[in-house]
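A look at the structure
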Amino acid sequence: MSAETTRSVVIEREMPHPPEKVWRALTQSFLLEEWLMKNDFQPVVGHRFNFRADWGAVDGEVLAVEPNKMLSYGWAAFGLESVVTWTLTPTSTGTHLRMEQSGFRADQEQAFKGAKYGWQGYFGGLEKVLARIE
Amino acid sequence: MALADPTRRALFERISREGELTVRVLTSQSGVSQPAVSKHLRVLKETGLVRARHKGRETHYRARPRGLAPLVDWMNFYSRYWQDRIDRLEDLLKRMEQ
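Heads up: these notes are all about the structure in this document.

Overview of the sheet that holds strand E1 (residues 21–22) of chain B
Residues and elements named next belong to chain B. Taking strand neighbours across the sheet as the criterion, the 3 strands line up as E1-E3-E2 in an open arrangement whose pairing is antiparallel. Edge positions in the sheet fall to E1 and strand E2 (50–55), since each has one partner strand and no second. Relative to strand E3 (residues 58–63), helix H1 (residues 6–18) is tilted by about 85°, and along the sheet it contacts E1, E2 and E3.

Some words on the packing of helix H1 (residues 19–27) of chain A against helix H4 (residues 74–95) of chain B
Packing of H1(A) against H4(B) leaves a shortest axis separation of 11 Å and a crossing angle of 120°. Taken together, the axes of H1(A) and H4(B) are oblique relative to one another. In this structure, H1(A) meets H4(B) at a crossing whose hand is right-handed. In contact with A:Lys21, A:Val22 and A:Ala25 of H1(A), H4(B) contributes B:Leu89, B:Leu92 and B:Leu93. Here the contact of H1(A) with H4(B) is built from residues that sort into 5 nonpolar, no polar and 1 charged.

A word on the packing of H1(B) against helix H3 (residues 34–46) of chain B
All names here are of chain B. The interhelical angle for the contact between H1 and H3, taken along N-to-C directions, is 75°, at an axis separation of 10 Å. By the criterion of interaxial angle, the relationship of H1 to H3 is roughly perpendicular. On H3, the residues touching Thr7, Arg8, Leu11 and Phe12 of H1 are Val37, His40, Leu41, Val43 and Leu44. Among the residues making up the contact of H1 with H3, the classes are represented as 6 nonpolar, 2 polar and 1 charged.

Regarding unusual backbone geometry
Negative phi characterises most residues that are not glycine, and trans characterises most peptide bonds. Here A:Asn68, not a glycine, exhibits a phi torsion of approximately 70°, which is positive. Relative to the helices and strands, A:Asn68 resides in the loop between strand E4 (56–66) and strand E5 (70–77).

Comments concerning the nonpolar core
Core analysis: the largest hydrophobic core is formed by 26 residues, its most contacted members being A:Val22, A:Ala25, A:Leu26, A:Leu97, B:Tyr78, B:Trp82 and B:Leu93. Going through the elements one at a time, strand E1 (6–15), H1, E5, strand E6 (80–91) and strand E7 (94–105) of chain A together with H4 of chain B are the ones with two or more residues in this core. Of all the elements, H4(B) adds the most residues to this core, at 6 residues. Sequence-distant contacts of B:Leu93, that is, excluding residues within four places in its chain, are made with A:Met15, A:His17, A:Lys21, A:Val22 and A:Ala25. Core analysis: the second largest hydrophobic core is formed by 12 residues, B:Ile15, B:Leu26, B:Leu49 and B:Tyr61 among them.

About the criteria used
Residues numbered from 1 in each chain as written. Chains lettered and ligands numbered in written order. Predicted model: local features only at pLDDT ≥ 70, side-chain atom pairs only at ≥ 80, totals over all residues. Pairing = 2+ DSSP bridges. Helix = DSSP H or I, 4+ residues; strand = E, 2+ residues; numbered from the N terminus. Contact = placed C-beta atoms within 7 Å. Axes fitted to C-alpha atoms, helices over the stretch in contact; angles between N-to-C directions. Parallel < 35°, antiparallel > 145°, perpendicular 65-115°, else oblique. Left-handed = near helix turned anticlockwise from the far one by under 90°. Nonpolar A, V, L, I, M, F, W, Y, C, P; charged D, E, K, R; others polar. Core = buried A, V, L, I, M, F, W, Y, C linked by C-beta atoms within 7 Å. Buried ≥ 20, exposed ≤ 12 C-beta atoms within 10 Å, placed from the backbone.

Remember, this is a structural readout, not a statement about activity or role.
Structure below.
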């Protein structure tokens, strides 16, 4: 593995809804706010936007838009430069949704291992917020 | 435990959000005294989360977000984060009209 190798987080889910409907939830600002974060998102290539949450802000830029099929944007927060790509594939029962966040560097992970303690308070707070939402 | 303290975390978040800020400006909206703000900033500086720059008689503080990257297991964090968010997306889709 070279130093340039990056890794991804991938989540796949079957949604019993048509791709057009899932697409709206992924791209319309007021709907994004309901499940993701406050934002000024627009599904337009080159559009720069922010996601804002209690734990900080994410700077984004729309990289690719294929309505009802694929959406990709840059996701930069706290020094992590990554790309989030959503892929929608129609199925007989709805939509196969795939989220890939790419750009995690192996050296960041290694460096982290000795120093996790400093962040437990911070992300512990986030977990409390998430638990309250549930 | 630089970010475990809520006042310190709020100061760091504000500096991250607004760019470069002085102790005076940070004190004005923090609800704590200037010596207390200075003490928190010293901890943030020692742990590499902010950088100080002297300009005239004032010190300006700026976040060093890259100083954070090595501290966080981002893959682990985002795996949980997206699972949770996609659960919420599913709930939203149930509530939405076709």
